Amino acid sequence: MGIMSEQHERFKVVVLGPDSPESQLNHFVEMMQRMYDYHATLHTDWQPRPGWQEGSVEWLSTAAGSDDYFFAVAYPLTTGGQELLDHPAGYIIGSFHYEAPLFVQHRFGYIADLWSEEAYRTEGVGNQLLTRAYEWFKQQGVNRVQIEVDVKNPGGQKFWEKAGFEPFEIVMRKSLD
């Protein structure tokens with residue numbers, strides 16, 4: 001499976017595949033680092049393990065193009081329609097979650113990560129990445145998508161609500177330490 005792309009008015013969405021250039025995979029990991037750094041400011045539980053980046057490019061290149069994961073990067077377009085491949089605007093990771101098979105809908109789409117670089121927020125990059133992810137989920141036979149958004153991330157909550165998501169469950173936790 002090669003690289004698939006879709007052009008939009010402001011961004012070019014590139015779906016990563018097993019033959020994606022290492023530069024795109026590196027951009028992806030660099031943006032993941034910024035997202036995880038941000039989430040680490042919200043909760044100490046979100047601290048990434050040291051050296052998590054090691055092997056990430058290999059994992060991405062192996063998992064990209066499979067039926068289990070969806071990875072895409074959005075690149076801004078110049079006014080002339082040229083993509084700026086050295087300045088990605090955002091990324092998305094989609095996968096699946098499962099419920100007990102006694103439910104009618106026991107397999108559903110899950111957006112694990114969606115990140116927009118600060119310079120491109122409010123310009124539609126998140127929505128363009130979501131649109132492409134929705135298409136992939138539908139191709140995989142999924143008709144429901146869920147996300148998790150941190151309670152200390154009001155900007156994220158507002159984005160997801162504007163994207164049509166609504167509260168469904170409350171995830172609660174307790175430390176056993």
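Residues numbered from 1 in each chain as written. Predicted model: local features only at pLDDT ≥ 70, side-chain atom pairs only at ≥ 80, totals over all residues. Heavy atoms only, no water.

**Topic: the overall build of the protein chain**
Then, number 1: Regarding its fold elements, the protein chain presents four helices and six strands.
Then, number 2: Listing every helix and strand of the protein chain by position from the N terminus yields β-β-α-α-β-β-β-α-β-α.
Then, number 3: Relative to its length of 177 residues, the protein chain is compact, with a C-alpha radius of gyration of 16 Å against a globular reference of 16 Å.
Then, number 4: Structurally, the protein chain occupies a C-alpha span of about 50 × 35 × 35 Å along its principal axes.
Then, number 5: Counting across all 177 residues of the protein chain, residues that qualify as buried make up 41%.
Then, number 6: The long-range fraction of contacts in the protein chain, counting pairs at least 24 apart against all pairs at least 6 apart in sequence, stands at 61%.
Then, number 7: Positive and negative side-chain charges in the protein chain, numbering 14 and 25 respectively, have mean positions lying 5 Å apart. (Helix = DSSP H or I, 4+ residues; strand = E, 2+ residues; numbered from the N terminus. Rg over C-alpha atoms; globule rule 2.2 N^0.38 Å. Buried < 20%, exposed > 50% of the residue type's maximum accessible area, 1.4 Å probe, protein only. Contact = heavy atoms within 4.5 Å. Lys, Arg positive; Asp, Glu negative; His and termini not counted. Charge placed at Lys NZ, Arg CZ, Asp CG, Glu CD.)

**Section: the packing of aromatic side chains**
Then, number 1: For the coordinates displayed, the defined rule picks out 13 aromatic pairs.
Then, number 2: Here tryptophan 160 and phenylalanine 165 contribute two aromatic rings whose centre-to-centre distance is 5.0 Å and whose plane-to-plane angle is 85°, an arrangement assigned as edge-to-face.
Then, number 3: The structure contains a cluster of three or more aromatic residues connected by ring pairs, namely Phe28, Trp59, Tyr69, Phe71 and Tyr91.
Then, number 4: In this structure, arginine 107 is placed above the aromatic ring of phenylalanine 96, and the distance from its NZ or CZ to the ring centre is 3.9 Å.
Then, number 5: When the ring centre of phenylalanine 108 is taken as reference, the NZ or CZ atom of arginine 144 above it lies at 4.3 Å. (Phe/Tyr/Trp six-rings, centres within 6.5 Å; stacked < 30°, edge-to-face > 60°. Lys NZ or Arg CZ within 6 Å of the ring centre and 35° of its normal.)

**Remarks on the nonpolar core**
Then, number 1: Counting residues in each nonpolar core, the largest one holds 23 residues, and the members touching the most others are Ile92, Ile111, Leu129 and Phe137.
Then, number 2: For this core, the leading source of residues is helix 3 (residues 125–139), giving six residues.
Then, number 3: Not counting chain neighbours up to four residues away, the residues in contact with phenylalanine 137 comprise Gly94, Ser95, Phe96, Gly109, Tyr110, Ile111, Val142 and Val145.
Then, number 4: With 18 residues, the next largest nonpolar core counts Met31, Trp52, Phe71 and Trp115 among its residues. (Core = buried A, V, L, I, M, F, W, Y, C linked by side-chain atoms within 4.5 Å.)

**Examining unusual backbone geometry**
Then, number 1: Phi at threonine 122 takes a positive value of approximately 70°, unusual for a residue other than glycine.
Then, number 2: As for its placement among the helices and strands, threonine 122 is situated in the loop between strand 5 (107–116) and helix 3.

**A look at the pairing of strand 4 (residues 90–98)**
Then, number 1: A large share of strand 4 lies buried, amounting to seven of its nine residues.
Then, number 2: Summarising the sheet, strand 3 (residues 70–76) and strand 4 pair through five bridges and their orientation is antiparallel. Bridge assignment links phenylalanine 71 to a residue of strand 4, and that residue is isoleucine 93.
Then, number 3: Inspection of the sheet shows strand 4 paired to strand 5 by nine bridges, in the antiparallel sense. The residue bridging tyrosine 91 from the neighbouring strand is tryptophan 115, located in strand 5. (Pairing = 2+ DSSP bridges.)

**Quick notes on the pattern of salt bridges**
Then, number 1: Applying the stated criterion to the full structure yields four salt bridges.
Then, number 2: A salt bridge links glutamate 117 to arginine 34, with the nearest nitrogen and oxygen atoms 2.4 Å apart. Residue glutamate 117 is found in the loop between strand 5 and helix 3, and its partner arginine 34 is found in helix 1 (residues 22–42); the two are separated by 83 residues along the sequence.
Then, number 3: Taking the relative accessible area as the measure of exposure, glutamate 117 reaches 12% and is therefore buried.
Then, number 4: Here arginine 34 falls in the partly exposed class, since its relative accessible area comes to 35%.
Then, number 5: With a shortest N-O distance of 2.5 Å, arginine 173 and aspartate 45 are connected by a salt bridge. Separated by 128 residues along the polypeptide, arginine 173 in the segment after helix 4 (154–162) and aspartate 45 in the loop between helix 1 and helix 2 (56–63) bring together distant segments of the chain.
Then, number 6: Residue class for arginine 173 comes out exposed when judged on its relative accessible area of 56%. (Salt bridge = Lys/Arg side-chain N within 4 Å of Asp/Glu carboxyl O.)

**Considering helix 3**
Then, number 1: Over its 15 residues, helix 3 extends 22 Å from the first C-alpha to the last, a length consistent with the 21 Å expected when each residue adds 1.5 Å.
Then, number 2: What helix 3 keeps buried is the set Val125, Gly126, Gln128, Leu129, Leu130, Arg132, Ala133, Trp136 and Phe137.
Then, number 3: Once helix 3 finishes, glycine 141 follows within two positions and takes phi at roughly 80°, a positive value. (Expected span 1.5 Å × (residues − 1).)

Scope: geometric values only; no functional claims are made or implied.
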